[in-house]
Amino acid sequence: MKNIFSTTKIKLTALYLMIIMFVTLSFSLFIFAGVNEATEHAMEAQRRKMERQFLSVPPQFREHVVFNSYKEDAILQIREEVLYSLIVINLAVLVISATLGYYLAERTLKPIEDMLAKQKRFISAAAHEIKTPLTAMKTDIEVTLRDKKLNLISAKEALQRTVFEVDELSSLTTNLLAASKYNNGDVYRKEIKIFELSSLIDKVIKKFKIKASDKNIEIKIELKNEDIALKADQLEIEHAISNVIDNAIKYSNEKTMVLVTISKSENKKYAVIEVKDQGYGISKENIQHIFDPFYRENNARTRSKAEGYGLGLAITKDIIESYSGKIKVESKVEKGSTFTITLPCLEV
Ligand code: ADP
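All chains use their own residue numbering, which begins from 1 and follows the written sequence. Side-chain atom pairs in this predicted model are given and counted only at pLDDT of 80 or more, local residue features only at pLDDT of at least 70, and totals for whole chains, interfaces and linings cover all residues. Remark: hydrogens and water are excluded; side-chain values derive from all non-hydrogen atoms of the structure.

Participant: Would you mind going over the overall build of the protein with me for this structure?
Facilitator: What the protein contains, in helices and strands, is eight helices and seven strands. With C-alpha atoms as the basis for the radius of gyration, the globule rule is written as 2.2 Å multiplied by the number of residues raised to the power 0.38. Here the C-alpha radius of gyration of the protein, 38 Å, is well above what a compact globule of 348 residues would show, namely 20 Å. When the backbone C-alpha atoms are referred to their principal axes, the protein occupies close to 140 × 65 × 35 Å. For the exposure calls, accessible area comes from a 1.4 Å probe over protein chains only, and a residue counts as buried if that area is under 20% of its type's maximum, exposed if over 50%, partly exposed in between. Residues classed as buried in the protein amount to 35% of the 348 residues present. What makes two residues a contact is simply this: any of their non-hydrogen atoms within 4.5 Å. Considering only residue pairs separated by 6 or more positions, the protein has 75% of its internal contacts joining residues 24 or more positions apart. For the accessible areas, the method is Shrake-Rupley and the probe is 1.4 Å, while residue cover comes only from the protein chains on display. Accessible area of the protein: about 22800 Å², with a carbon and sulfur share of 60%. Note that His is not counted, nor are the chain ends; the positive residues are Lys and Arg, and the negative ones are Asp and Glu. Charge placement uses NZ in Lys and CZ in Arg. For Asp and Glu, CG and CD serve respectively. Placing the 51 positive and 46 negative side-chain charges of the protein at their respective mean positions leaves the two points 3 Å apart. A helix here means a DSSP run of H or I that spans at least four residues, while a strand means a run of E at least two residues long, and both kinds are numbered starting from the N terminus.

In structure tokens form, the structure reads like this:
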């Protein structure tokens with residue numbers, strides 16, 4: 001892929017260069033032709049003037065006439081100097097536009113190169129995630145088939161394990177579809193409407209009540225500003241906020257608290273949603289990766305305790321950014337994390 005981009009960069013540079021050189025060369029030719037014509041006229045005018053001077057002298061004295069006003073050499077020198085300057089200017093334009101053209105080609109291609117690299121990483125990570133349950137399933141089925149004394153109970157158990165793996169695969173596929181859908185934000189139609197943020201958050205919190213109470217976690221909501229209205233696809237925003245609240249519960253110890261605060265930014269243009277937990281926290285070296293697809297903190301502290309595919313935050317970030325919003329995180333290991341989502345809101 002790197003090779004394709006290098007050759008395309010060179011091709012684009014050559015194209016920019018051809019266009020610029022065509023313009024400057026035509027312009028130079030035009031100038032030189034103009035200078036040529038003007039000098040021809042000047043020489044012609046001088047010749048005529050000399051002829052007139054010559055004819056005004058009586059014939060017997062003509063052989064002694066000296067013409068000091070004839071400056072053909074000077075005029076030819078001007079022509080040469082113009083030609084020389086034009087060559088120098090064209091060479092300078094060639095060098096500058098080649099450098100600038102390459103830089104511009106690089107800038108034009110960079111976002112495409114980055115997007116393709118991101119897609120490539122996404123596809124290989126997705127393939128890896130799909131392969132793991134498939135391999136487990138295949139091994140399980142093969143072992144069961146090879147068992148000569150297979151009885152009904154073991155067969156049922158094997159089938160149950162297979163159903164579990166199929167469920168895993170199906171939920172992974174749903175997540176993958178969501179991730180690729182939000183990644184291409186503009187391709188599908190959003191159902192944009194105006195809705196109240198606090199009632200949406202109430203709805204999300206209700207959805208997680210049971211999951212939280214299973215771990216004895218209290219979810220509190222603090223409303224700092226009333227009536228914050230958003231204009232967006234409500235389901236998408238619900239999906240994004242749910243992911244963050246779900247994580248706050250997933251990555252917290254029992255008997256802790258999750259605090260959801262809703263407020264407006266100082267300039268009243270943004271809704272600010274803060275989700276603060278007292279959970280495991282995220283280490284400094286991992287925090288920069290948690291929004292990458294399939295990234296999961298790979299340590300016993302978090303991974304063993306919670307299930308997931310590492311797609312939730314990547315999806316959330318794509319959704320939030322598709323509305324020109326931002327998501328950031330601050331975290332301290334064993335103290336907890338605070339995720340802050342900022343979204344443009346309606347000014348009321
Ligand atoms: P998943 O939860 O499915 O693993 P996410 O994309 O939602 O995927 O999160 C990526 C990783 O970020 C998680 O695996 C976890 O390591 C870390 N993480 C996310 N939210 C929190 C949180 N509130 N506290 C601690 N770690 C978190």
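Participant: Before we go on, may I ask you to explain the site of the ligand in this structure?
Facilitator: Being near a molecule or strand, for a residue, means having at least one of its heavy atoms within 4 Å of it. The environment of the ligand is formed by 19 residues, the closest being Asn247, Tyr251, Asp277, Arg296 and Leu313. In the model, an oxygen atom of the ligand is placed 3.1 Å from a nitrogen or oxygen of the Glu297 main chain. Coverage of the ligand by the protein amounts to 98% of the 530 Å² it exposes when considered alone. For the shell around the ligand, the secondary structure elements donating two or more residues are α5 (234–250), α8 (312–322) and β7 (336–344). Among the elements that make up the shell around the ligand, the one with the highest residue count is α5 (three residues). Ten residues, namely Ala, Val, Leu, Ile, Met, Phe, Trp, Tyr, Cys and Pro, are considered nonpolar, four, namely Asp, Glu, Lys and Arg, are considered charged, and the remaining ones, Gly among them, are considered polar. Class assignment of the residues belonging to the shell around the ligand gives a composition of nine nonpolar, six polar and four charged. Under this definition, polar contacts are N or O atom pairs within 3.5 Å; protein pairs additionally need one hydrogen-donor-capable and one acceptor-capable atom, and for neighbouring residues in sequence, both atoms have to be side-chain atoms.

Participant: It is not clear to me how the nonpolar core should be interpreted in this structure. Could you clarify?
Facilitator: Among soluble globular proteins, nonpolar side chains are generally buried collectively. With 50 residues, the main nonpolar core has Leu197, Ile237, Ile241, Ile245, Val260, Leu311 and Phe339 as its most contacted residues. Residues within four places of Leu197 in sequence aside, it is in contact with Ile228, Leu230, Ile241, Ile262, Ala271 and Ile273. Here the nonpolar core consists of buried residues drawn from Ala, Val, Leu, Ile, Met, Phe, Trp, Tyr and Cys, with membership extended through side-chain atoms lying within 4.5 Å.

Participant: How do you make sense of the pattern of salt bridges when you look at a structure like this?
Facilitator: Any Lys or Arg side-chain nitrogen located within 4 Å of an Asp or Glu carboxyl oxygen qualifies as a salt bridge. Tallied over the full model, the rule gives 12 salt bridges. Lys207 is paired through a salt bridge with Glu238; the nearest N and O atoms lie 3.4 Å apart. Placement of Lys207 in helix α4 (residues 197–214) and of Glu238 in helix α5 is noted, with a sequence separation of 31 residues between them. Relative accessible area serves as the criterion here: at 48%, Lys207 is assigned to the partly exposed category.

Participant: Is there a simple way to think about a nonpolar patch on the surface in this case?
Facilitator: Patches in this entry comprise residues that are over 30% relatively accessible and not in a salt bridge; like charges within 9 Å are linked, as are nonpolar side chains (Val, Leu, Ile, Met, Phe, Trp, Tyr) within 5 Å. A grouping of Leu15, Met18, Ile19, Phe22 and Val23 is seen on the molecular surface, where their side chains present a nonpolar patch of about 550 Å² in accessible area. Checked against the element boundaries, Ile19 lands in helix α1 (residues 2–56).

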